[in-house]
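Architecture at a glance
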Amino acid sequence: KKSVKKSGEVPLHNFGEATIDAVIDDIAELKQRLATFANGLPKTQIEVNFELDNSLIIGKVDSIYDNKFISICNSSDNLKYLLKAFVTYLGIVSNGNTDVDFVFIAKGVEDVHKPAGEINQEDTRKLLSMYLSYFKKGHVGYFNFYPVIAQKKMKMINDDYATFWDLYMEAKEDDKSFIFED
């Protein structure tokens, strides 16, 4: 506690200690949920290295506990972290590591656990290929995507701007999000 407090990252004196205690209490539940899934096993890495649609996908995934990829989110706005974790998982399975479970632990929501084999390597490559095409399309033109639309409508809108804008305005109003109003 003292080193964090002395570095100026939290308020001074008793209020600083209360802030640190609140953060520790806030993440205690997440740590317990992680411990349950990790089952006391150490965190390890998986190397990812494969080609997809003329793109080389290379990296390391370091949240592997035995045969589980476990992603933890301490944010109350967890959808973008779920999407990131899921795309990472698609990369793991696309790489040939088909025996790995997907686990997503987030503050305030029920854990997501998908056992290995629920999605096969061929299907993950197709899905990742589709996401990669969206990524590439976003580099050459405007890509119409807002995560709340994906959550509520369970689809991505990437071609029809008028439809996207209507859904975006509706989602933005429902979500009380003013992200683009700065």
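In what follows, the structure referred to is the one given above.
Given the structure is predicted, the values throughout are model-derived calculations rather than measurements.

Glancing now at the pattern of salt bridges. Tallying each qualifying case throughout the model produces four salt bridges. A salt bridge links Glu 29 to Arg 33; the nearest nitrogen and oxygen atoms lie 3.4 Å apart. Of this pair, Glu 29 and Arg 33 both sit in helix α2 (residues 13-38), four residues apart, roughly one helical turn. With relative accessibility at 48%, the residue Glu 29 sits in the partly exposed group. For Arg 33, a relative accessible area of 13% puts it in the buried group.

Counting 20 residues, the largest nonpolar core has Phe 69, Tyr 89 and Ile 92 as the members making the most contacts within it. In terms of residue count, helix α3 (residues 79-94) provides more of this core than any other element does, five residues in total. Those residues in contact with Tyr 89, other than ones at most four positions away along the chain, are Phe 69, Val 100, Asp 101, Phe 102, Lys 114, Ala 116 and Ile 119. Among the nonpolar cores identified, the runner-up in size contains eight residues, and Leu 30, Ala 38, Ile 70 and Val 103 belong to it.

What follows is about the sheet that holds strand β2 (residues 55-65). Within the open sheet, the five strands sit side by side as β1-β2-β3-β4-β5. Their pairing is mixed. In the strand order of this sheet, the two ends are held by β1 (43-52) and β5 (112-114), each with one partner. Averaged over all adjacent pairs, the angle separating strand axes in this sheet is 30°, with direction ignored. When strand β4 (residues 101-106) meets β5, the two strands line up antiparallel, connected through three bridges. Considered in β5, the bridge of Val 103 is made with His 113. On the sheet, α3 packs against β1, β2, β3 (68-73), β4 and β5 and is oriented at approximately 165° with respect to β4. Along the sheet, helix α4 (residues 121-138) contacts β1 and β2; its crossing angle with β1, the most-contacted strand, is approximately 70°.

Conventions and cut-offs
- Counting of residues starts from 1 at the beginning of each chain's written sequence and follows it residue by residue.
- Where totals are concerned, whole chains, interfaces and linings use all residues; where local detail is concerned, this predicted model gives features only for residues with pLDDT of at least 70, and gives and counts side-chain atom pairs only at 80 or more.
- Hydrogens and waters are ignored; side-chain quantities use all the structure's heavy atoms.
- In what follows, salt bridge is the name for a side-chain nitrogen of Lys or Arg lying within 4 Å of a carboxyl oxygen of Asp or Glu.
- The numbering of helices and of strands both runs from the N terminus, where a helix is a DSSP run of H or I of at least 4 residues and a strand a run of E of at least 2.
- Only protein chains enter the accessibility calculation, which uses a 1.4 Å probe; a residue is then buried when its area is under 20% of its type maximum, exposed when over 50%, and partly exposed in between.
- Within this scheme, the nonpolar core is defined by two criteria: the residues are buried Ala, Val, Leu, Ile, Met, Phe, Trp, Tyr or Cys, and they are joined through side-chain atoms within 4.5 Å.
- Throughout, a residue-residue contact means that at least one pair of heavy atoms, one from each residue, lies within 4.5 Å.
- Here, strands pair whenever DSSP counts at least two bridges between them.
- Axis definition: a line fitted to C-alpha atoms, over the contacting stretch in the case of helices. Angles run 0 to 180 degrees between N-to-C directions.

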